[in-house]
Every structure is written in structure tokens, then in C-alpha cells.
Amino acid sequence: MRQYKNYFKVKNIEFKSISAQRIYNDYLKRVERTISILSEKDKLDMLMEINSHIYEAMQQDGKENEIDKLLITTENLGLPEEFLIPVVAEKKLIQAVHTFNPKHVWQALKMNISNGLGYSIVSILYLGLSVFGFLIFTKIFFPSKTGLFYMNNEFKAFGFISNADEMNEVLGFWFFPITIVSAVIIYVLITLLLGMLKSK
Amino acid sequence: MDNVFVNKWSSQLKKGTLSFIVLNVLKDNEYYGYELIEKVKHDTKIEIAEGTFYPLMNRLKKDGFVESNWVEQKSGIPRKYYKLTKQGEVILVKMKDYWISMSATIQKLF
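Residues numbered from 1 in each chain as written. Chains lettered and ligands numbered in written order. Predicted model: local features only at pLDDT ≥ 70, side-chain atom pairs only at ≥ 80, totals over all residues. Heavy atoms only, no water.

### Concerning a nonpolar patch on the surface
A cluster of nonpolar side chains, contributed by Tyr98, Trp99, Ile100, Met102, Ile106, Leu109 and Phe110 of chain B, occupies part of the molecular surface with about 820 Å² of accessible area. Considering the arrangement of structural elements, one finds Met102 of chain B in helix α4 (residues 86-109). (Patch = residues over 30% accessible without salt bridge, like charges linked within 9 Å, V, L, I, M, F, W, Y side chains within 5 Å. Areas by Shrake-Rupley, 256 points an atom, 1.4 Å probe, with all protein chains shown as cover. Salt bridge = Lys/Arg side-chain N within 4 Å of Asp/Glu carboxyl O. Helix = DSSP H or I, 4+ residues; strand = E, 2+ residues; numbered from the N terminus.)

Spelled out as C-alpha cells, the structure:
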């Protein structure tokens, strides 16, 4: 019996043959592994659906023995690591858009990046967001090496540079509000873009 | 070579029409996952790759064309029943119109 927090339980199917039981347990474990990044509610829903499919298929009359019937059923469904990926990718995207949680956003991007240019743009923006986060950190610990650098009134760099001896950092304390505001703008852009891609 | 091309083409065609077929089947009744797959196979003689069915149902649900609910069973293993929504009925009418007009157009080419 698999139980997820605050939700129903998934009743395991009982087989007469030990081998069939093992095949079933192994298949369900693979399903669980594939959907592990989903919310508890989505995980349970998916697992119950696959479990129900296997159970209903096993109830059908046929000449096959229990093991063969189970093998045919799981073969027809396919490898969980393959056929469940589109569902996981889509559900993860919905979760990312609803929660704005960076962890979910990142996982959704990883799963959807192969789905087109839109996700590639979002990934680049997300990388930009991580860089801004990193720069805030380096500005605290290496203030003279992080910022907006000019040399002889000419723009040289924005970010972290190891040798800033002959350059002039012009932002000073303003680096923090500017970086934070930029990061917030990028984050809003990411969530808006994800929302647009989700509704496509 | 020709057979390979035709097989590929027919498989793409089936894949492309699967959502239309599923919505059509659901217009008269609600079905649980396994039953719906069997019904589609029986009525259309199309062999659905069962693994493609659940992502499809998830997409139709996300788009608001079908809804589902879990129904407890004596066995202790509930069934998830799918049914068409109002939005699903509307889209199905549009799809049917398009299908009729497209098949008429193609018929003219024969």
C-alpha cells in the first residue's frame, strides 16, 4: 500500500505468482521514480491511473497465464521512463507557473527545453537570473571586483572581474537595488513567458 | 519503400486524429481509461499505443475538453472516468465540420 501525504492510498494489486508480483512491483517503482518530481497530488493521480489500467487489463478474459498477461499489459503501456515524460513535463510546467517556486521552474525547464525555442529563451533568462544572484553574493564579499566598470570614461564590463585595479566601479551601493530590480524583472518575464508557453 | 512511406503516413494520420476519435467516443458516454482504449480499438480498429493515451487525456483535460473523476470500486482499486465538457462538445462540433469539409475537398481530388 503506497500512501501520499493527505491523500488517498494506492492499493497494490495482488498476484498469485511471485514472479508476476515482482514484475508489477518493479513496474510501479519505475512509474514512481519517473513521476517523483511531481506534486504529491499529481503523483498519486498518475500512480492510481496506471495501477487501475493494469488491474482492469488483468481482469480481462484470455488464454494467457498471469505473468504473460501482465507482461503484455506493461509492454502495451510502454516504458514508464518514456511514455510518462510528456505528462510529467506538462504537469511540472503547470506547477511551476502556479507556484513560481524556482525549484519547480528549473525542473520544468529541464523537461521542456527540447520542446522549442520558447523554452530555450526562458532557459537563457533563467541563467541570467542565476548570474544576478551570483553577482549580489560576490558584491558582498568582493565589492571592488563586482559592479559596473569604466576605464578612461569607456564602458569595460558589468559583473565580476578578477583584475579591476585600473578600472573604476561606478555603481557602488546602487549595484544592489539595480541588480535586484533587474532580477525581479527577469523573473516576471520568465513566469509570463512560461504562462504563455503553457497555454499554447 | 512504398509500403514504408504509406505505413509512416498512416501512422501519422492516426496519431493526428486520435484526439478527434477520443472526443467522438466520449460524446455519448463516460469511460474509464482502460475501457476507453478498448472502445477506440474496437470501434475504429486502430491499435492505439496505450502509452500515448494517457499523455493525450492529460492534454485534453488541461485544455478543458474533458474532465475526470475517480469512482471507488468494490475491488478497492478505483476507476478514473472521463467525460466530455461543454467546451469539449463545442470543439468537437468544430472539428467535425472541419473533418467533413476536408474529406470533401480530398474526395474531389480522386
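### What to know about the side chain of Glu50 of chain B
Along the chain, Glu50 of chain B falls in helix α3 (residues 50-62). A polar contact of 2.9 Å, which involves the side chain of Glu50 of chain B, links it to the side chain of His53 of chain A. Ignoring anything within four residues of it in the chain, the contact list for Glu50 of chain B reads His53, Thr73, Asn76 and Leu77 of chain A together with Ile37, Glu38 and Lys41 of chain B. (Polar contact = N/O pair within 3.5 Å; in protein donor to acceptor, adjacent residues only side chain to side chain. Contact = heavy atoms within 4.5 Å.)

### Digging into the pattern of salt bridges
Close approach of charged atoms allows side chains with opposite charge to pair. A full pass over the atoms with the stated rule returns 14 salt bridges over all chains. Lys80 of chain B is the salt-bridge partner of Glu49 of chain A, the closest N and O atoms lying 3.1 Å from each other. Here Glu49 of chain A is found in helix α2 (residues 40-59), whereas its partner Lys80 of chain B is found in strand β3 (residues 79-84) on a different chain. This pair shows no difference in class: Glu49 of chain A is buried, exactly as Lys80 of chain B is. The partner of Lys83 of chain B in a salt bridge is Glu67 of chain B, and the shortest N-O contact between them spans 3.7 Å. A residue pair is termed long-range when its members are at least 10 positions apart, and Lys83 of chain B in strand β3 and Glu67 of chain B in strand β2 (residues 66-71) qualify at 16 residues. Taking the relative accessible area as the measure of exposure, Glu67 of chain B reaches 36% and is therefore partly exposed. Salt bridges here are not isolated pairs; linked through shared partners, they connect Asp45 and Glu49 of chain A together with Lys80 of chain B. (Buried < 20%, exposed > 50% of the residue type's maximum accessible area, 1.4 Å probe, protein only.)

### Looking at the interface of chain A and chain B
If you look at the interface, chain A gives 24 residues, while chain B gives 19 residues. When chain A packs against chain B, the two sides together hide about 2,100 Å² of surface, and 57% of this comes from carbon and sulfur. Per-residue buried area on chain A facing chain B is highest for Glu49, His53 and Glu56 of chain A; these three make up 26% of the total on that side. At the surface where chain A touches chain B, the tally comes to four salt bridges. In this structure, Asp45 of chain A and Lys80 of chain B form a salt bridge, with 2.8 Å as the shortest nitrogen-oxygen distance. Summed over the shared surface of chain A and chain B, the result is 13 residue pairs in polar contact (both at pLDDT 80 or more). Mapped by element, the contributors of at least two residues to the side of chain A that touches chain B are α2, α3 (66-77) and α5 (85-99) of chain A. Sort the elements by how many residues they give to the side of chain A that touches chain B and α2 of chain A lands first, with 10 residues. (Buried area = accessible area lost by both parts, 1.4 Å probe.)

### Here's the deal with unusual backbone geometry
Positive phi, normally seen in glycine, also occurs at Asn152 of chain A, with a value near 50°. Counting through the fold element by element, Asn152 of chain A comes out in the loop between β3 (146-151) and β4 (154-160). For Asn152 of chain A, a relative accessible area of 72% gives the class exposed. A positive phi angle is found at Lys45 of chain B, which is not glycine, with a value near 65°. As for its placement among the helices and strands, Lys45 of chain B is situated in the loop between α2 (33-44) and α3. By relative accessible area, Lys45 of chain B is classed as exposed at 68%.

### A look at the domain arrangement of chain A
Considered domain by domain, chain A is made up of domain 1 (18-83) and domain 2 (94-198). Averaged C-alpha coordinates put domain 1 of chain A and domain 2 of chain A at centres separated by 43 Å. (Domains from an automatic or database assignment.)

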